[in-house]
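Here's the letter readout for the chains.
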Amino acid sequence: MNVNSRTRTKSAGKIPAQPGPRETKVGSVAGAVQHESAPAPGSVIPGAGPAARPGERATVRLRETGPDEPPRYAPEWLELREPADAAARAHELLDPLRIRLANLPGKAGLVIHDLGCGTGSMGRWLAPRLDGPQHWILHDRDPYLLHFAAVASPRSAADGSRVTVETRRGDVARLTPDALAGASLVTASALLDVLTRAEIETLAAACTGAGCPALLTLSVAGRVELTPADPMDQEIAEAFNAHQRRDGLLGPDAITVACEAFSERGATVRVNPSAWRLGPGEAALTAQWLRGWVGAAVEQRPELKQRAERYLQQRLAACEAGELHVTVHHSDLLALSRPTGGAS
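Residues numbered from 1 in each chain as written. Predicted model: local features only at pLDDT ≥ 70, side-chain atom pairs only at ≥ 80, totals over all residues. Heavy atoms only, no water.

> Which parts of the structure should I look at to understand the pairing of strand β8 (residues 214-227)?
Remember that side chains alternate between the two faces of the sheet whenever the strand is regular. Bridge count between strand β7 (residues 185-189) and β8: 4 bridges; the pairing is parallel. Counted as the bridge partner of Thr-187 is Leu-215 from β8. Examined bridge by bridge, β8 and strand β11 (residues 325-336) share 9 bridges and lie antiparallel to one another. Within β11, the position partnered with Thr-227 by the bridge is His-325. (Pairing = 2+ DSSP bridges. Helix = DSSP H or I, 4+ residues; strand = E, 2+ residues; numbered from the N terminus.)

And the structure:
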């Protein structure tokens with residue numbers, strides 16, 4: 001079920017402080033309130049590492065799921081990675097996007113669908129870089145994340161025009177051209193690599209059918225560079241990439257599949273690199289990423305456990321000492337579909 005709520009943004013920017021030690025209502029089952037506790041020191045924040053149970057996937061899906069499925073991403077992880085995401089996104093894709101948006105027929109303002117919005121980082125990055133009135137429709141399964149996305153949304157566009165927000169809780173399982181009727185743009189961050197081929201086909205068909213462009217950022221590329229290098233880097237990377245491809249998910253193959261899916265439907269596709277470049281100033285993010293990266297590798301190949309634990313401790317020590325630099329490669333995709341009568 002989709003729940004719609006139109007919200008005027010009263011403040012923008014940083015995600016609001018969370019009440020207590022993450023002792024916040026996140027859901028209700030048979031009238032009982034569920035709570036999440038603060039992550040233990042040194043633990044992997046949800047979303048930064050492997051899924052807690054075999055077969056689990058990311059929060060946002062293009063499929064039906066049970067109503068009681070728990071959230072996957074903690075606001076702490078999304079907030080921690082937001083500055084690195086903002087620095088990494090491919091600014092080179094903005095000019096062709098602006099040109100397309102400026103030439104949309106009958107435009108009275110932009111209507112932007114953000115799929116898997118999380119805490120709203122994409123809106124905070126993109127809305128102030130686009131001119132004209134904007135109405136953002138934020139999609140996520142997690143009402144807790146939608147709350148943060150709504151209250152921390154930007155209030156104005158690049159030219160001072162008003163930005164408004166609407167939240168929609170629920171899966172994107174019924175994403176069709178009709179669902180995107182009137183859309184000016186579809187955006188997402190870190191979404192493609194947790195989808196299957198069929199789900200990316202569904203996404204491409206919906207966007208091209210509605211005639212709206214899609215800006216899909218920060219898909220993992222399967223390449224990581226650590227300095228100084230270690231003989232185990234490649235082994236961990238290969239195991240992590242295999243973990244990303246489990247259960248039919250595309251992982252680092254997602255960008256190639258998405259390019260094919262959009263191109264086959266007549267869209268003009270551009271791909272630009274959007275790597276995280278992490279140094280001493282991003283030590284907290286690097287440490288969490290390392291725990292998740294190595295943890296996923298070990299989940300995929302349990303025989304690595306002993307050596308991987310030693311490797312992780314050495315890498316964390318180097319990170320704490322300010323001696324570690326990491327480049328995590330991602331790709332951003334801009335698909336410019338042929339406009340249709342359904343696009344605004």
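There's plenty left to go through after this.
> I would appreciate a short explanation of helix α9 (residues 305-320) in the present structure.
An α-helical turn contains 3.6 residues, so a residue and the one three or four places further along point in the same direction. Over its 16 residues, α9 runs 22 Å from end to end, which matches the ideal 22 Å to within 8%, given 1.5 Å per residue. Inspection of α9 places Ala-308, Tyr-311, Leu-312, Arg-315, Leu-316, Ala-318 and Cys-319 among the buried residues, and these make up the whole buried set. When α9 is viewed along its axis, its buried side chains cluster within an angular range of 160° and face the same direction. The outward face of α9, more than 90 degrees from its buried face, is lined by the exposed residues Gln-306, Arg-310, Gln-313 and Glu-320. On the buried face of α9, the contacting elements are β8, α6 (233-244) and α8 (283-300). (Expected span 1.5 Å × (residues − 1). Buried < 20%, exposed > 50% of the residue type's maximum accessible area, 1.4 Å probe, protein only. Arc of directions from axis to C-beta. Contact = heavy atoms within 4.5 Å.)

> I keep staring at unusual backbone geometry and nothing clicks. Help me out?
Apart from glycine, the bulk of residues carry a negative phi angle, and the bulk of peptide bonds sit in the trans form. Cis peptide bonds are those with omega within 30 degrees of zero, and the linkage from Thr-227 to Pro-228 qualifies with 0°. Residue placement: Pro-228 occurs in the loop between β8 and α6. Phi angles above zero are rare outside glycine, and Ala-190 is one such case at about 50°.

> What exactly am I supposed to notice about the environment of Leu-180 here?
Assignment of secondary structure puts Leu-180 in the loop between β6 (163-169) and β7. Not counting residues up to four positions away in its chain, the partners in contact with Leu-180 are His-113, Leu-175, Val-186, Ala-206, Cys-207, Ala-210 and Cys-212.

> Explanation requested: the packing of aromatic side chains in the structure shown.
Between two aromatic rings, the relevant description is the distance of the centres plus the angle of the planes. In this structure the tally under the stated criterion is 3 aromatic pairs. Taken together, a centroid distance of 5.1 Å and an interplanar angle of 70° make the contact between Tyr-144 and Phe-148 edge-to-face. A residue pair is termed a helical-turn pair when its members lie 3 or 4 positions apart in one helix, as Tyr-144 and Phe-148 do in helix α4 (residues 143-151) at 4 residues. When sorted by exposure, Tyr-144 lands in the same class as Phe-148, which is buried. A ring pair is formed by Trp-289 and Trp-293, whose centres lie 4.8 Å apart and whose planes are at 20°; its orientation type is stacked. In this pair, Trp-289 and Trp-293 both sit in helix α8, 4 residues apart, roughly one turn of the helix. Given the relative accessible area of 8%, Trp-289 is considered buried. (Phe/Tyr/Trp six-rings, centres within 6.5 Å; stacked < 30°, edge-to-face > 60°.)

> Sorry if this is basic, but what is going on with the side chain of Arg-89 here?
Note on placement: Arg-89 falls in the loop between α1 (75-88) and α2 (94-102). For the buried Arg-89, no salt bridge is present, and the opposite-charge side chain at shortest range is Asp-85, 4.6 Å distant. A polar side-chain atom of Arg-89 sits 2.8 Å from a polar atom in the side chain of Ser-189. In this structure, Arg-89 is in contact with Ser-121, Met-122, Trp-125, Ser-189, Thr-217, Leu-218, Ser-274 and Asp-332, ignoring residues within four places of it in sequence. (Lys, Arg positive; Asp, Glu negative; His and termini not counted. Salt bridge = Lys/Arg side-chain N within 4 Å of Asp/Glu carboxyl O. Polar contact = N/O pair within 3.5 Å; in protein donor to acceptor, adjacent residues only side chain to side chain.)

> It is not clear to me how the nonpolar core should be interpreted in this structure. Could you clarify?
Here is a general trend for soluble globular proteins: nonpolar side chains tend to be buried in one another's company. Judged by nonpolar contacts, the single largest core of 33 residues is most densely connected at Leu-226, Ile-236, Trp-276, Trp-289, Leu-290, Trp-293 and Val-294. Going through the elements one at a time, α1, β8, α6, β10 (276-278), α8, α9 and β11 are the ones with two or more residues in this core. Beyond its immediate stretch of four places on either side in the chain, Val-294 contacts Ile-236, Ala-308, Tyr-311 and Leu-312. (Core = buried A, V, L, I, M, F, W, Y, C linked by side-chain atoms within 4.5 Å.)

> Looking at this model, I keep getting lost on the packing of helix α5 (residues 197-210) against helix α7 (residues 254-264). Mind explaining?
Working note: a packed helix pair is described by the angle between its axes plus the distance between those axes. Look at α5 against α7: their axes get within 9 Å of each other, and the N-to-C directions meet at 40°. For the element pair α5 / α7, the angle class is oblique. Classified by chirality, the crossing of α7 by α5 is right-handed. The segment α5 lies against α7, with Arg-197, Ile-200, Glu-201, Ala-204, Cys-207 and Thr-208 engaging Ala-254, Val-257, Ala-258, Glu-260, Ala-261 and Phe-262. Here the residues of the contact of α5 with α7 sort into 8 nonpolar, 1 polar and 3 charged. (Axes fitted to C-alpha atoms, helices over the stretch in contact; angles between N-to-C directions. Parallel < 35°, antiparallel > 145°, perpendicular 65-115°, else oblique. Left-handed = near helix turned anticlockwise from the far one by under 90°. Nonpolar A, V, L, I, M, F, W, Y, C, P; charged D, E, K, R; others polar.)

Taken by themselves, the reported measurements are silent on function.
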